[in-house]
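# A structural walkthrough
The residues making up each chain are set out below.
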Amino acid sequence: MNVPNHHLAGRVVIVTGAGSGIGRATAIAFARAGAHVLGVGRRQANLHHTASEHSAITAFVADICAEGTPAAVVNEAIDRWGRVDVLVNNAGAAAIIPLAEITGTRIAELFALNVTAPSLLAREALPHLREVAGSIVNVSSTFGHRPLPGGSHYAASKSAIEMLTQSWALELADENVKVNAVAPEVVPGLVEVEVAVPRSRPAVW
Ligand SMILES: NC(=O)c1ccc[n+]([C@@H]2O[C@H](COP(=O)([O-])OP(=O)(O)OC[C@H]3O[C@@H](n4cnc5c(N)ncnc54)[C@H](OP(=O)(O)O)[C@@H]3O)[C@@H](O)[C@H]2O)c1
């Protein structure tokens, strides 16, 4: 990821799902840009691997779906650095489950991770984001705005995060809190990224 050096010096960024994949790359990119990064995830070893890539990354082991975790994550960032500038709601899971096989439990689990946890993290971060005109970045998928036969509930969860993104962006625009989403799609050898923003708001990251 190409981020100009240290233009985020002193900023504080929370990245969920920082122990692997897009979250790890995002955490490292923000750290290289000068930010303090709180990397969140359940697997300690993965998070420590990410933290070993840059001294500005701190691992915070937690299940973001657990009661009280969203507040604990934000409190950790505030206790350490006194501010939160960016929340990257990256942690998520895909689920390829045909309609004929779906269960209430799987739907609830999927939405708890892909929709509810990002919402509660955003709520907890909001008072601090207001103070610094900060940003929320939600990680969607191209399936947030196109159908996925056989994986409809995953697509629906990403569609939900895109509509939350657009609604929050308008809801918080007057408070200078920016809200955007990125929608990756894996193509062999390439990750393409689309940006989902309301027409009235510029993409920031
Ligand atoms: N890569 C793609 O093809 C692609 C395409 C479109 C969209 N996306 C989206 O991009 C995001 C990242 O995906 P990825 O490909 O980088 O996948 P990944 O490597 O599986 O990363 C997901 C991360 O989320 C964390 N996580 C999962 N459940 C969690 C929980 N309950 N609490 C805390 N952390 C949790 C995982 O860590 P632990 O298991 O250690 O908790 C993991 O580090 C997801 O939202 C995904 O839907 C990815």
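Residues numbered from 1 in each chain as written. Predicted model: local features only at pLDDT ≥ 70, side-chain atom pairs only at ≥ 80, totals over all residues.

## Looking at helix α1 (residues 21-32)
The condition that has to hold: In DSSP terms, a helix is any run of H or I states spanning at least four residues, a strand is any run of E spanning at least two, and both are numbered starting from the N terminus. In a helix, the anticipated span is given by 1.5 Å times the number of residues less one. Exposure is read from a count of other C-beta atoms within 10 Å of each residue's own; the residue is exposed at 12 or fewer, buried at 20 or more and partly exposed in between. C-beta atoms are placed from the backbone.
For α1, built from twelve residues, the straight-helix expectation of 16 Å at 1.5 Å per residue is met to within 8% by its first-to-last C-alpha distance of 17 Å. Considered for burial, the residues of α1 that qualify are Ile22, Gly23, Arg24, Thr26, Ala27, Ile28, Phe30, Ala31 and Arg32. At the exit of α1 stands Gly34, carrying a positive phi of roughly 105 degrees.

## Some words on the pairing of strand β4 (residues 86-89)
Put simply, the test is: Two strands qualify as a pair provided DSSP detects at least 2 bridges between them. With strands facing away from the observer, any crossover in which the path from the first strand over the helix to the second runs clockwise is taken as right-handed.
On β4, burial covers both faces: Val86 and Val88 on one face and Leu87 and Asn89 on the other are all buried. Pairing of strand β1 (residues 12-16) with β4, which is carried by three bridges, proceeds in the parallel orientation. Of the residues in β4, the one forming a bridge with Val13 is Val86. Looking at chain direction, β4 and strand β5 (residues 135-139) are connected through four bridges and run parallel. Note that in β5 the partner of Asn89 across the bridge is Asn138. Between the parallel elements β4 and β5, the chain passes through helix α4 (residues 104-132) in a crossover that is right-handed.

## Brief notes about helix α2 (residues 44-51)
Going by this rule: Of all possible arcs, the one meant is that of the directions from the helix axis to the C-beta atoms. Whether two residues are in contact is decided by their C-beta atoms, placed from the backbone, lying within 7 Å.
Inspection of α2 places Asn46, Leu47, Thr50 and Ala51 among the buried residues, and these make up the whole buried set. In a view along the axis of α2, the buried residues occupy a sector of 140 degrees, so they form one face of it. Across α2 from its buried face, at more than 90 degrees, point the exposed residues Gln44 and Ala45. Those residues of α2 that are buried lie in contact with α1, β2 (36-41) and β3 (57-61).

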